[in-house]
Structure formats: structure tokens, C-alpha cells
Amino acid sequence: MSAARMQVLSSRNVRLLSRGRNEVLAGRSGTQRHGGDPRTRSLTCPPMSSSSSPGRALSSLSATRRGLPKEKMSENGIMSRAKVLTIDTMNPTVKKVEYAVRGPIVQRAVELERELSEGMKKPFAEVIKANIGDAHAMGQQPITFFRQVLALCSYPELLSDSTFPEDAKSRACRILQSCGGNSMGAYSASQGIDSVRQDVARYIERRDGGVACDPDNIYLTTGASDGIVTMLKLLVCGEGTTRTGVMIPIPQYPLYSAALAELGAVQIDYFLNEEKCWSLDITELQRAVNEARQYCNPRALCIINPGNPTGQVQSRQCIEDVIRFAAKERLFLMADEVYQDNVYAEGCQFHSFKKVLFEMGPEYAETVELASFHSTSKCYMGECGFRGGYMEIINMDDEVKDQLTKLLSVRLCPPVPGQALMDLVVNPPQPGEPSYGSFIKERTATLSALAEKAKLTEQVLNTVQGISCNPVQGAMYSFPRITIPEKAVKEATEKGQQPDMFYCMKMLEETGICLVPGSGFGQKDGTYHFRMTILPPTDKLKILLNKVKEFHQRFTQQYS
């Protein structure tokens, strides 16, 4: 073949390839939908009229309508395809998720910390984050025995170190012997390490006065949140008026509203009674479920005891009433009990739902379905970062239980260090063991300090005109009601903010104190609150409370 002939063919091929590429960029000809290389099909397919060409018809539609990413011109003049995943094409339920505890206020607090570190002048020297129940971040010291055992498990060479007590070594050896390859770095069974589940079961039996607990009903989890979300996944089904509805307290911990939004379930609000120390009223539960049956299928009732963010501790009588209500309305009970050791007020006592359920007799003990949750993150431990927890299931259908095990197997296993820590929480040093004295001393000191700070918080806030704080009976937070002047409400509305968000953001900017507005937890219309943790050291808590007091007085004066 002559050189001239080859040059003609080469030029023709370039033109054809260019035309095929342009057709693809202009909207992908219909041939691509049927497989094969779109450039090859552009070269081989015969030309078609505009009236008969599916490719050209599709090209006349926008990329968005065809479900394809839009293309745009880059700075150098080359067409570049837009992102496949955009805010318009992402999962719409994710966009409905909100989590106030780490929302805009906290993001701004992080920015302020960075600005302070860069030398920018502020009307405060530091940011005090009182927005979240992160005990160690607030200065609470870890329990020595727990950290000793975890250190030994992480680095077994230390087992020969004489500075570690023998009971810590024996616990570490037992945990390691239960791990694959005697290493915490190995996967565990999806349900959790068998020996740890046995220890959890024995702990529950001791806590509940001898009520039997089957280790097979124990599932170790990545914090309590993992177990809660997993149970909600099992419960949610249906469409329209048959869509699963889940009853949650208002105010609530935002995990619940966030998980329900992501799962596309229906959130059913029932309001706690602020005038009666955030108590739970059965008539309010009845109102909520009756109204909800008009538009969804209520299937579960969530209880947080002790309460977050409200700090109330439920009486035994209240728990009995809730169990009877759940039985009557055929509701699956979910008992969030992660603050079970955090009870401070005189006359208050923690009662587990499982214990009360079984003491009510077979009519309830053999029929009411219950999942209860606990965690290493709260109480006196405060070990949030290890993500340890468990859930116990009662009266679950055997086939559903198989599905639960399958669902948990997808995430392989909860963090093994978290499982090890959970084992230490439920099986701490016993009388006569070397570490018992120091363990009891540290545990008692931590809980006593929290009780003092709970009382201090209530007392100081109630001295401020325009702030009303219920007793902090338990948990780690106060949830005071605040009066916001109408002028401030109007300014907040003009800025597109909730009034208590406006209030908390101004407090952050002026004082460096990071709180969470009550609107992030839910509240009755026309009322405003904020949640504040009681975790900072006492001296810093006093400074914080004084700053809150002074800010509220300035704020009220400014907008009156």
C-alpha cells in the first residue's frame, strides 16, 4: 500500500474516532446502553435519521434526566465529566440525618480552638466543650486496673513485669486465651468472645438479684449505639401507613432520630413531663401511639433510663407501667441503660427493665420482647474511645435471632479491645484480690465527684433569673429551660436559626463555652433549653457555670 493511501486512511480513522468520541461526550449514544465499546459502535453503526435514532433522541435529554453525570468545561478547555456522587444524587435519607451533639456549634468550637492556637485574640482564653459526654476528654482519669489489663493484653511481654499486680495478669491471660492466636489483633466471633459473653451474663444475674441470663442472648457491640441501630434495622419494614413507627422520648438522644431518618422509619414523639422532673406519663404514651396509628405502624418503644439529656431516673412503678403498656400495644421494648451506675439523687435507684419484667410474672416475662443496652463509655468508666458495649435480647423469635446473627456477621466483629474492656467492667477486681482496694477507691471517687457536680450545676443555674433546672438525678447532663426574649427570637428567625441555637452560638462566640441547643434533642413548642455536661473538673465547672450565668444576664439585658 502506498504511503499516500495509508495517510488517507489514517486521516479518515482519526476523523471517525473523533466523531465517535464527540458523540459519547455529547450524551453517550444509545448503543452504549446495550454493551460493547461505545467508540467501536460509533464507527460501525450506520447513520440514522434524527427521527429514528434512539441515540440522538437520548442526546436531546439532559444528562440529569438520563441519570448520567453532567459534563463541564475545565479551565484548559477540555470537557470533564462531573462527579457521579453529588448532593443531588446521593442517598436522600442520609441528608435527613442530624446529630446535634456534633453539629454546627461544635464545628465552630473547633474553628475557634484553631484560631486561638494561631494567636487570634478572643474574649476568652480557651474553648470549654461541655457538649458531649466524653469523660476522659473532660479530665476524668481512667480506672488503673482496666488500663493495666488492657496494656498487658496489647503487649503480652509485660506479663513478666513485676510492677503489674497478679490479678491484672490473670485477667489478661484469660482474655488472651479466648482470642485467636492469643492476640487481641485477631477477629472474634461475630457475637463476641464467648468467655466475655459468659461474664456479662453472670454480671446481669448479680445486678438483677439472681434473674437468670443466658449467654446466648448476649451480643457484644461497638458501643451501645451499634446494638441500638442494629435492632432498629431488624424492626423497620413496610410502606405508607404500614411503615414502622418507633416511639422515642422528647427530649431524646439524637442517635435515635438520626438512625430512624437514615432507615426511613417514622419517628413517633412522646413528651417527657418537665414540670414533674422529666417523668414519663403513660397517658402521654397512649396519646402518641393512638395518633401514630393513623399514619404508620408503631412497633417499638425506646426508653432511656437514666435519661439523656434530661437526667431523670425512672421509678420501679413507672417501669412496670411501661411494660404493661408495651404488652397491651404489642410494642418491642428497647431499654437504653448505659447510665445505670450514674444515679445521684436521694430516693432514686436504678431498676433494669429485664429485672422488673421477670419479677412481674410469666404473663409478661414470657411474652414481652425486650432488648437492653449497656456500654463502657459512661458510668464511672468513661472509656468512650474503646467502643465497648453489649445488648441482651429477651423473647426474640428464633428465626429473627438467626437473622440478627447473620446481620452482625457482616461487620465481622466488634473491636476486640472494647470487648476486653467490657469484660473488665462486668468482672472487676473482687474482695481479697490485690487490685480491689484501689479499684473501689477510684470508682467511688469518680461517682462521688459526679454526684457533687450534678448538685452544683442544679444549684448555680437555678440562681439565674430566666434559667430553670430540674434536679440532675442521674446520667451526665443538665437540661435547663431558658427564657429567650422576643427580640432575640425575632433576630434568630430572621437569620434562619432556632432561637436556642442563636443563643448557644452567641454564648460560644462570647465566652468560649460550647453547649448544645435543646432544639437538637427535641422540645415542646415555645420552650427553649440547652444540654450541658457535668463532666468538667469541679474548678472548671464552677468557671463554666459562672460564665453561663453572666452571659445569660447580658443576653437578656441586650434583647429586652
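Residues numbered from 1 in each chain as written. Predicted model: local features only at pLDDT ≥ 70, side-chain atom pairs only at ≥ 80, totals over all residues. Heavy atoms only, no water.

Where an unreviewed UniProt entry is consulted, the protein appears under the name alanine transaminase, with the organism given as Oreochromis niloticus. The UniProt entry for the protein carries the following comment under Cofactor (unreviewed entry): "pyridoxal 5'-phosphate". You can read under Pathway (unreviewed entry) in the UniProt record for the protein the words "Amino-acid degradation; L-alanine degradation via transaminase pathway; pyruvate from L-alanine: step 1/1." (UniProt positions renumbered as here; feature names shortened; annotations may be inferred.)

J.: Describe the pattern of salt bridges, listing the residues and the values that go with them.
T.: All chains considered together, the criterion is met by 32 salt bridges. Note that Lys-540 is salt-bridged to Glu-126, the shortest N-O span being 3.5 Å. Of this pair, Lys-540 sits in helix α20 (residues 538-559) while Glu-126 sits in the loop between α5 (104-117) and β3 (128-129), and the two are 414 residues apart along the sequence. In this structure, the salt-bridge partner of Lys-495 is Glu-491, at a minimum N-O distance of 3.5 Å. Judged by relative accessible area, Glu-491 falls into the partly exposed class, the value being 24%. In this structure, a network of salt bridges that share partners links the residues Arg-316, Glu-320, Asp-321, Arg-324, Lys-355 and Glu-359. (Salt bridge = Lys/Arg side-chain N within 4 Å of Asp/Glu carboxyl O. Helix = DSSP H or I, 4+ residues; strand = E, 2+ residues; numbered from the N terminus. Buried < 20%, exposed > 50% of the residue type's maximum accessible area, 1.4 Å probe, protein only.)

J.: Can you tell me about the pairing of strand β10 (residues 389-394), naming the residues and giving the values?
T.: Across the six residues of β10, six count as buried, placing the element largely inside the fold. Side chains of β10 alternate between two faces, with Gly-389, Met-391 and Ile-393 and Tyr-390, Glu-392 and Ile-394 buried alike. Note: strand β4 (residues 218-221) against β10, four bridges, orientation antiparallel. Directly across from Ile-218, in β10, lies its bridge partner Glu-392. (Pairing = 2+ DSSP bridges.)

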